[in-house]
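Listed here are the chains, written in short residue letters.
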Amino acid sequence: MSSEPFAVLIVDDEPNIRSGLAKGLASEADLVKTAGDADDALDQFNKGSFQLVIADVRLNSSMTGIELLEKIRYLRPTTAVIVITAHGTVETAVEAMRAGAFDFILKPLDLNLIRQQVRKAREYYQLRVENRQLRTQLAGAGQVSNIIGNGAAMQAVFQQIRQVAATEATVLIQGESGTGKELIARALHDLSDRSSGPFIAVNLGAMPENLLESELFGHEKGSFSGASRQKPGCFEQAAGGTLFLDEVTEMSAKSQVDLLRVLESRVFTRVGGEELIHTDVRIVSATNRSVHELIEEGVFREDLFYRLNVIPIEVPPLRARREDIPLLVEHFLEQFCTRHSRDAKQLSPAAMQTLVSSNWPGNVRQLRNMIERIVVTHSGEVIHHDELPAELTRTPSPANKTLVPLAEAVEACERETIAAVLNAYDLHRDKTAKALGISVRTLHYKMSRYNLH
């Protein structure tokens, strides 16, 4: 069992109930404190560390027990709250449970029932702590979710993940396409107290603007053409867990305002609805673009950036962590040989050296796709250097070695790559954008810039 203390805060404006509960629960907790109103409760809550709060619905103070519950869940979502009341109605019970209450108990109080629910809350808390400790131990041994890397660059990222995961801080992950930003987000979720909750990922760059609001916040039945039923959005689906917003810099100006409002107020309404819904999610976002440049260009809101970038994590490109390439290659070989029912394969030393020395503009995603291609198309047990895909082994022609300005060379390479992928997918833009690791909107911009229509 966990050695961490279990502290309970009892909030009720009736002194006899406070003292009676405190005495009755002394054997169920390591520490029991009481408060006569919401203000005193919040003051003690902010100063101490409470794993359970028991609060009356009707308090002689500036806020109700439900409002106190919402405030506590906002400040520390992992704290369990049991709501008690002498005026129980179905509506009040539903409101309390939707606000995140652990349980709803009617007065006059049955002390045995209270003790039973406190024990359940304590067991649930201890299980979360033990799971977090186990995951942290595994992470300390170099195992962070499904992320592979023993080099210094990735170990630095792992250290950031371990430091940040158990907090509620908002994280912005930055890195080139294909570097594994979603894996980082999942690792943050897996090592957090929210790991038992859902992990919901949404790619904002692939979402048409007219559907994005409904995707994030949900909609009511009949709110627009085709809305045949009520649909919860990502903020509701991720309640109690983590919401991962990928390609967050691709949002329109209006969508940025909508997201900023939710981050500030922690409430939203469904499209076509009026009911305020409180959100209990941790936000992790990601982008492959320079946010500072987008801010200077007036494309991305600076205030939204500061809300998202409380904790920045920079994921290194594959060329900056070449020492991890052999590990990745072995992992992908095993994975795809199993998936495609192929005999085990390995690379010759010369072939491995070629992979290690390549630039990999598509990063881990490009390496992964290439290893899958090799597994599917080669029947031998050993893959030699001359059997690697031509783009890895061909020698640059003298013309390619001609010195040109860097910007011109980069643009020429980008244009050639986009044109080749467009042709490979018969000009299908969604598939092309996905293969390139960019949004459809960015692809349209690049196509116009390079006249690729």
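Further up the page is the structure itself.
Residues numbered from 1 in each chain as written. Predicted model: local features only at pLDDT ≥ 70, side-chain atom pairs only at ≥ 80, totals over all residues. Heavy atoms only, no water.

The subject of this paragraph is the packing of helix H18 (residues 429-436) against helix H19 (residues 440-449). To describe two helices that pack against each other, one gives the angle between their axes and the distance between the axes. Viewed as axis vectors pointing N to C, H18 and H19 meet at an angle of 100°, and their least axial separation amounts to 9 Å. As summarised for this structure, H18 and H19 are arranged roughly perpendicular, according to the angle between their axes. Where H18 approaches H19, its residues Arg429, Asp430, Thr432, Ala433 and Leu436 are matched on the opposing element by Val440, Leu443, His444 and Met447. (Axes fitted to C-alpha atoms, helices over the stretch in contact; angles between N-to-C directions. Helix = DSSP H or I, 4+ residues; strand = E, 2+ residues; numbered from the N terminus. Parallel < 35°, antiparallel > 145°, perpendicular 65-115°, else oblique. Contact = heavy atoms within 4.5 Å.)

Here we take up the pattern of salt bridges. Inspection of every chain in the model, using the stated rule, returns 18 salt bridges. For the salt bridge of Glu236 with Arg270, the shortest nitrogen-to-oxygen distance reads 2.9 Å. Placement of the pair is Glu236 in helix H9 (residues 234-237) and Arg270 in the loop between strand E9 (267-268) and strand E10 (277-278), with a sequence separation of 34 residues. The exposure class assigned to Arg270 is buried, which follows from its relative accessible area of 8%. With a closest N to O distance of 3.3 Å, Arg261 and Asp258 form a salt bridge. One end of the pair is Arg261 and the other is Asp258, both in helix H10 (residues 253-265) and three residues apart, which spans about a single turn. Among the residues examined, Asp258 registers a relative accessible area of 12% and is labelled buried. Residues joined by salt bridges that share partners form a network here, namely Glu213, Lys254, Asp258 and Arg261. (Salt bridge = Lys/Arg side-chain N within 4 Å of Asp/Glu carboxyl O. Buried < 20%, exposed > 50% of the residue type's maximum accessible area, 1.4 Å probe, protein only.)

Okay, the pairing of strand E1 (residues 7-11) next. Most of E1 sits out of view: five of its five residues are buried. Both faces of E1 are covered, namely the face carrying Ala7, Leu9 and Val11 and the face carrying Val8 and Ile10. Bridge count between E1 and strand E2 (residues 31-35): five bridges; the pairing is parallel. Opposite Val11, over in E2, you have Ala35 as the bridge partner. Traced from E1 through helix H1 (residues 15-24) to E2, the parallel crossover comes out right-handed. Of the pairings in the sheet, the one linking E1 to strand E3 (residues 52-56) comprises four bridges and is parallel in character. Residue pairing in the sheet places Ile10 in a bridge with Ile54 of E3. (Pairing = 2+ DSSP bridges. Right-handed = clockwise from strand over helix to strand, strands pointing away.)

This structure, assessed with the given rule, holds eight aromatic pairs. Aromatic pair Phe6 and Tyr125: ring centres 5.7 Å apart, planes at 45°, arrangement tilted. Separated by 119 residues along the polypeptide, Phe6 in the segment before E1 and Tyr125 in helix H5 (residues 111-140) bring together distant segments of the chain. Their ring planes at 50° and their centres at 5.5 Å tell us that Phe305 and Tyr306 sit as a pair that is tilted. Through a chain of ring-to-ring contacts, three or more aromatic side chains come together here, namely Phe217, Phe235 and Phe268. (Phe/Tyr/Trp six-rings, centres within 6.5 Å; stacked < 30°, edge-to-face > 60°.)

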